[in-house]
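Chain by chain, the residues run as shown.
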Amino acid sequence: MNEKDNVTEQLKELMEAYCFNVDTLSKYLGLPADKVRILSQGDISFLPEDNMYRFRLFNKISFLYLSATEDKDLKLCAFLQVLISHHGLSKKTIAKMAGVDKSDIEKMISNPPRKVSEEIKYKVAVTVMSLRFFLKECEPEQ
């Protein structure tokens, strides 16, 4: 996927290249489905002039877009960091829940990240996904 600079292009690519469900986008963005389609064509004239509203909306689109284009290992590392720094979970706790060694977690969050096996990444990713889902209520609203 080519990197898109414009959020309306990102939205269009999500819909066309990734067949992202328009109704899901509508709920996520808080816009009617027809407005999502209009926005994906580059028309932002219907949006409120409120800069903070636009900033939040455009960030939401970019977050989804980056989910498709961003380095998956880097993203997993970022989610691990949120669990450790924001939620106060220890590397040991995450490792035990994932069924891996604490040193594997340390390798994944080191700078630069060190290699771990695909099996370990899978176990950690599933655990991180579950923890983020259940702890989401504790995170600040966007």
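The residue count restarts for each chain, going from 1 along the sequence in the order it is written. pLDDT decides what is reported in this predicted model: residues at 70 or higher carry local features, side-chain atom pairs at 80 or more are listed and counted, and totals for whole chains, interfaces and linings draw on all residues regardless. The side-chain quantities take in all heavy atoms of the structure and omit both hydrogens and water.

**Student:** Can you lay out a nonpolar patch on the surface for me, pointing to particular residues and giving the numbers?
**Tutor:** Here the term patch refers to residues with relative accessible area over 30% and no salt bridge, with like charges joined within 9 Å and nonpolar side chains (Val, Leu, Ile, Met, Phe, Trp, Tyr) within 5 Å. Note on areas: Shrake-Rupley with a 1.4 Å probe; residue coverage comes only from the protein chains shown. Any carboxyl oxygen of Asp or Glu within 4 Å of a side-chain nitrogen of Lys or Arg constitutes a salt bridge here. On the surface, a cluster of nonpolar side chains totalling about 330 Å² of accessible area is made up of Tyr122, Val126 and Met129. Helical segments are the DSSP runs of H or I of at least four residues, strand segments are the runs of E of at least two, and each set is numbered from the N terminus. For Met129, the location among the structural elements is in helix 8 (residues 118-135).

**Student:** Got a sec to walk through the nonpolar core? Specific residues and values, please.
**Tutor:** What we call a nonpolar core is a set of buried Ala, Val, Leu, Ile, Met, Phe, Trp, Tyr and Cys residues that are connected through their side-chain atoms within 4.5 Å. With a 1.4 Å probe rolled over the protein chains alone, any residue whose accessible area is under 20% of its type maximum counts as buried; one over 50% counts as exposed, and the rest are partly exposed. Core analysis: the biggest nonpolar cluster contains 18 residues, and Leu80, Ile94, Val100, Ile105 and Val124 have the highest contact counts within it. Mapped by element, the contributors of at least two residues to this core are helix 5 (72-85), helix 6 (91-98), helix 7 (102-109) and helix 8. The residues contacting Val124, other than those within four sequence positions of it, are Leu76, Leu80, Ala98, Val100, Ile105 and Met108. With 16 residues, the next largest nonpolar core counts Ala33, Leu47, Ile61 and Leu64 among its residues. In this analysis, two residues are considered to be in contact whenever any of their non-hydrogen atoms come within 4.5 Å of each other.

**Student:** Run through the packing of aromatic side chains, naming residues and quoting values.
**Tutor:** Ring geometry is summarised as follows: Phe, Tyr and Trp rings, the Trp one being its six-membered ring, pair when their centres sit within 6.5 Å, and such pairs are stacked at plane angles under 30 degrees, edge-to-face over 60 and tilted between the two. Per the counting criterion, the structure on display carries 1 aromatic pair. Taking the centre distance of 5.2 Å and the plane angle of 80 degrees together, the rings of Phe133 and Phe134 count as edge-to-face. One exposure class covers both Phe133 and Phe134, and it is exposed.

**Student:** So what's going on with unusual backbone geometry? Residues and values would help.
**Tutor:** With a phi close to 50 degrees, Cys19 is a non-glycine residue in the positive phi region. With respect to the helices, strands and loops of the structure, Cys19 is situated in the loop between helix 1 (7-16) and helix 2 (22-29). Among the residues examined, Cys19 registers a relative accessible area of 63% and is labelled exposed.

**Student:** Got a sec to walk through helix 1? Specific residues and values, please.
**Tutor:** Across the 10 residues of helix 1, 7 count as buried, placing the element largely inside the fold. When we look at burial in helix 1, the residues that qualify are Val7, Thr8, Gln10, Leu11, Glu13, Leu14 and Met15. Structurally, helix 1 contributes buried residues whose contacts are with helix 2, helix 3 (33-40) and helix 4 (51-69).

**Student:** Residues and numbers for the pattern of salt bridges, please.
**Tutor:** Side chains that differ in charge, positive against negative, can pair when their charged atoms come close. A full pass over the atoms with the stated rule returns 5 salt bridges. The closest approach of N and O atoms between Asp73 and Lys121, which form a salt bridge, is 3.0 Å. Taken together, the residues Asp73 in helix 5 and Lys121 in helix 8 connect sequence positions 48 residues apart. Note on Asp73: relative accessible area 40%, which makes it partly exposed. On the basis of relative accessibility, which here comes to 16%, the residue Lys121 falls in the buried class.

**Student:** Go over the packing of helix 2 against helix 3, please, and point to the residues and values.
**Tutor:** The geometry of a pair of packed helices is captured by two quantities: the angle between their axes and the separation between those axes. The contact between helix 2 and helix 3 brings their axes to 8 Å, and the two run at 95 degrees. As the angle between them shows, helix 2 and helix 3 are arranged roughly perpendicular. The segment helix 2 lies against helix 3, with Val22, Asp23, Leu25, Ser26 and Leu29 engaging Ala33, Val36 and Arg37. Counted by class, the contact of helix 2 with helix 3 contains 5 nonpolar, 1 polar and 2 charged residues. Where helices are involved, their axes are fitted lines through C-alpha atoms of the stretch in contact, as for all axes, and angles between N-to-C directions lie from 0 to 180°. An angle counts as roughly parallel when it lies under 35 degrees, as roughly antiparallel when it exceeds 145, as roughly perpendicular when it falls between 65 and 115, and as oblique in every other case. Amino acids are sorted into nonpolar (Ala, Val, Leu, Ile, Met, Phe, Trp, Tyr, Cys and Pro), charged (Asp, Glu, Lys and Arg) and polar (every other residue, Gly among them).

**Student:** Break down the layout of surface pockets for me, with residues and values.
**Tutor:** Cavities and pockets are found on a 1 Å grid laid over the protein atoms alone: a cavity is a set of points where a 1.4 Å probe fits but cannot escape, a pocket is an open set with protein on both sides within 12 Å along at least five of seven lines, and a lining residue has an atom within 4 Å of such a point. Grid points are joined across faces, edges and corners, and a volume is the space filled by probe spheres set on the points. By volume, the second largest pocket is sized at about 160 Å³. Around the second largest pocket, the lining residues are Asp73, Leu76, Cys77, Met108, Pro113, Arg114, Lys115, Val116 and Lys121. Sort the elements by how many residues they give to the lining of the second largest pocket and helix 5 lands first, with 3 residues.

All we've got here are geometric facts, nothing functional implied.
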